[in-house]
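Spelled out from the first residue to the last, the chains are:
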Amino acid sequence: MTQHQRLLIIDFGSQVTQLIARRLRELNVYCEIHPFNNVTPAFLTEFAPMAVILSGGPASVIDEGSPRPPAEVFDMGVPVLGICYGQQVMMHMLGGVVERGTGTAEFGRAYVTPDDKTLSLLEGWFKDDREQVWMSHGDHVSQIAPGFQVFGTSPNAPFAITADPSRRFYAVQFHPEVHHTPNGAALYANFVREAGFTGDWTMGAYREQAIAAIRAQVGDGKVICALSGGVDSSVAAVLIHEAIGEQLTCVYVDHGLMRENESEEVVSMFREHYNLPLIHADESELFLGKLDGQSDPETKRKIIGGLFIDVFERKAKEIGGADFLAQGTLYPDVIESVSFSGGPSVTIKSHHNVGGLPEKMGMQLVEPLRELFKDEVRALGRELGLPDSFIGRHPFPGPGLAIRCPGEITREKLDILRKADAVYIDQIRKHGLYDEIWQAFVAILPVRTVGVMGDGRTYDFACALRAVTSVDGMTADYYPFSHEFLGETATRIINEVRGINRVTYDITSKPPGTIEWE
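Residues numbered from 1 in each chain as written. Predicted model: local features only at pLDDT ≥ 70, side-chain atom pairs only at ≥ 80, totals over all residues. Heavy atoms only, no water.

## Structural notes on unusual backbone geometry
Most of the time, phi is negative for any residue but glycine, and the peptide bond is trans. In this structure, the amide linkage connecting Lys510 to the following residue, Pro511, adopts the cis form with an omega of -15°. Structurally, Pro511 can be placed in the segment after strand S20 (500-505). A cis amide bond, omega 10°, links Pro511 with the succeeding residue Pro512. Inspection of the secondary structure puts Pro512 in the segment after S20. The backbone of Asn261 sits at a positive phi, close to 65°, despite the residue not being glycine. (Helix = DSSP H or I, 4+ residues; strand = E, 2+ residues; numbered from the N terminus.)

Written out as C-alpha cells, the structure reads:
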C-alpha cells in the first residue's frame, strides 16, 4: 500500500521491538516490523528498504539453528543497524566472534564511554563523556568483524558501539529504543539521516494515500462499518467516508451498556458534523433481556459478542448486503498476531469484535489503519477534523458497562453505575487530570454495605474507582490521586448518586490485575 521511503526492522523476538518502530515513526520515517523467518531474498527485493535494523532477541547466536537474517541484507548497499542480538548476529555473520556471557552479562542501566567521537551515528552523544544506556544481554562480542572499529565501551561490553563506516554498518550492544537510554532518539535520528530519509511519513500524506487505496480496493462496492464510538472505528469511518461517500453505511449498536449520554453524543456527532449514513440500532432490550440472571463474566462476554454479530448481520441485510467490512485494526494488532516462530506463511488474524463476519457474510476487509500506531490514529483523526475532545477519549471496552458490573447485571445497577461514572469523570476533568490518565471508570461491586446518611441507616452498593496510566494497555499502574481528590470525589458520588454509600479506590497494577474488573 505505501509508497513512502521505507525502513525494514527484522525482528528476532525482542519484547521491545515495537519501541524501535515508535521511535522511527516519531521521526516521520515509515517502517515495518517483519519476523526474521519471513524475510527472504525475494522479500528484500520487493520491499526495497532504504535501511535495515536488526532487533534484539532472546536467542544465542552460538546455538545451532538460532535466528539469522538473510546474508543478502549485507549486500544491499544500505545502512544496517544491529541492536543487542542484532549486533551479535551481525558480528557472527561478518566474521567476528561471539562468546557465552561468563562474567560479562549486563542487565539494566549501564554507562558507555567513547573511544572515538567522530562517528556520524553518535552526533549529539557524549557531551558529558558518558551516556546512560539500557543493557540486556548474556552473550557478548569478543572479537569484532573485519572492517569494524570500536567507538564506545561499557564495563562489561568492550564493544558496546562498533561500526564499519565505509559500509555504513553500525552495531550497539544496548537498546537505544527504551526510555532508560535517554539519548536513544538522537542515535536513531542520526541513523535515518545517514540513510537519506527525508521524513516523508506524515498524516497529511498518509491521508491522501489511504483515500486513493480505499477507492482502488472498493471500486463501486458497498462498505459497512461497525461504529463503536471508539477512536479507531471512528477515524476509520470518517476516512472511508471521505474516500467513497454514500457507498459507506455505519451501524452503531446500542446494547444498553453504554455510558451516560454516550449514544446520543456519538450519533449526533456523526450525523450532524460528518453527515455519515448511520444506522442507530437501539437493541438494549434484546441485550439486557439475554443477560438477565447471568453473572459469569465469560458467559456475559459470549452473549454480548454473539448478539452483536446477529444484530450486525441483520442490519447488513436490511441495506441490501455489503461487499466489504470496515475494521479499525491497528499496526500493533498486526505485529502481535504474527508468530515469531510460526514460519513464513503465518495468517494474520482479525482483531475487530466482528472479525468472524467477513467469511460468514462473504465480505472482504477494508482496514485503512493497519499501518498505524494508536497515537498516529489520533493524529490522523485530527488531520480529518475530529475534535480533540473525541479522539482523546479513554478506551471503552466492547462489552461496555457489563464488565464494570461484576455479578448479575440489572437495570438498577447500570443506572447507578452510569451516574457514578459521570461524576467521577467530571471530577477528573475538573481537576485537569483527564489527559494524564490512560483509562478511568467506576465499577459497581456485587455487595451492599451499611451506612449512615443524616439520621438514617442505609444499605446500599459499594463502588470502586479505577484509574491507570499506561502506554499501550499491556501493562498499567494506578494513577496516584491525592487524598484530597479521592475524598472530594467520594463525597460527590455518595451525595449525588442514590444507591451508593461506600467508595473505594483500586490500586492494583497490571499485572497482576487487569485494567477492567471482568
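## So, the layout of surface pockets
Size it by volume and the second largest pocket reaches roughly 340 Å³. Taken together, 14 residues form the lining of the second largest pocket, with Arg259, Glu260, Glu265, Ile425 and Arg429 sitting closest to its centre. Secondary-structure elements contributing two or more residues to the lining of the second largest pocket are helix H7 (262-273) and helix H14 (411-430). The element contributing the most residues to the lining of the second largest pocket is H14, with 6 residues. When the residues that make up the lining of the second largest pocket are grouped by side-chain class, the tally is 3 nonpolar, 2 polar and 9 charged. (1 Å grid on protein atoms, 1.4 Å probe; cavity = no way out; pocket = protein on both sides within 12 Å on 5 of 7 lines; lining within 4 Å. Points joined across faces, edges and corners; volume = space filled by probe spheres on them. Nonpolar A, V, L, I, M, F, W, Y, C, P; charged D, E, K, R; others polar.)

## With respect to the sheet that holds strand S16 (residues 364-366)
Pairing within the open sheet is parallel, and its 5 strands lie in the order S14-S13-S12-S15-S16. Pairing within the sheet leaves two strands with one partner each, and these edge strands are strand S14 (278-282) and S16. The mean inter-strand angle of the sheet, taken between neighbouring strand axes irrespective of direction, is 25°. Helix H6 (residues 231-244) contacts strand S12 (223-226), strand S13 (248-254), strand S15 (324-326) and S16 of the sheet and is inclined by roughly 155° relative to S13. H7 contacts S13 and S14 of the sheet and is inclined by roughly 165° relative to S14. (Pairing = 2+ DSSP bridges. Axes fitted to C-alpha atoms, helices over the stretch in contact; angles between N-to-C directions. Contact = heavy atoms within 4.5 Å.)

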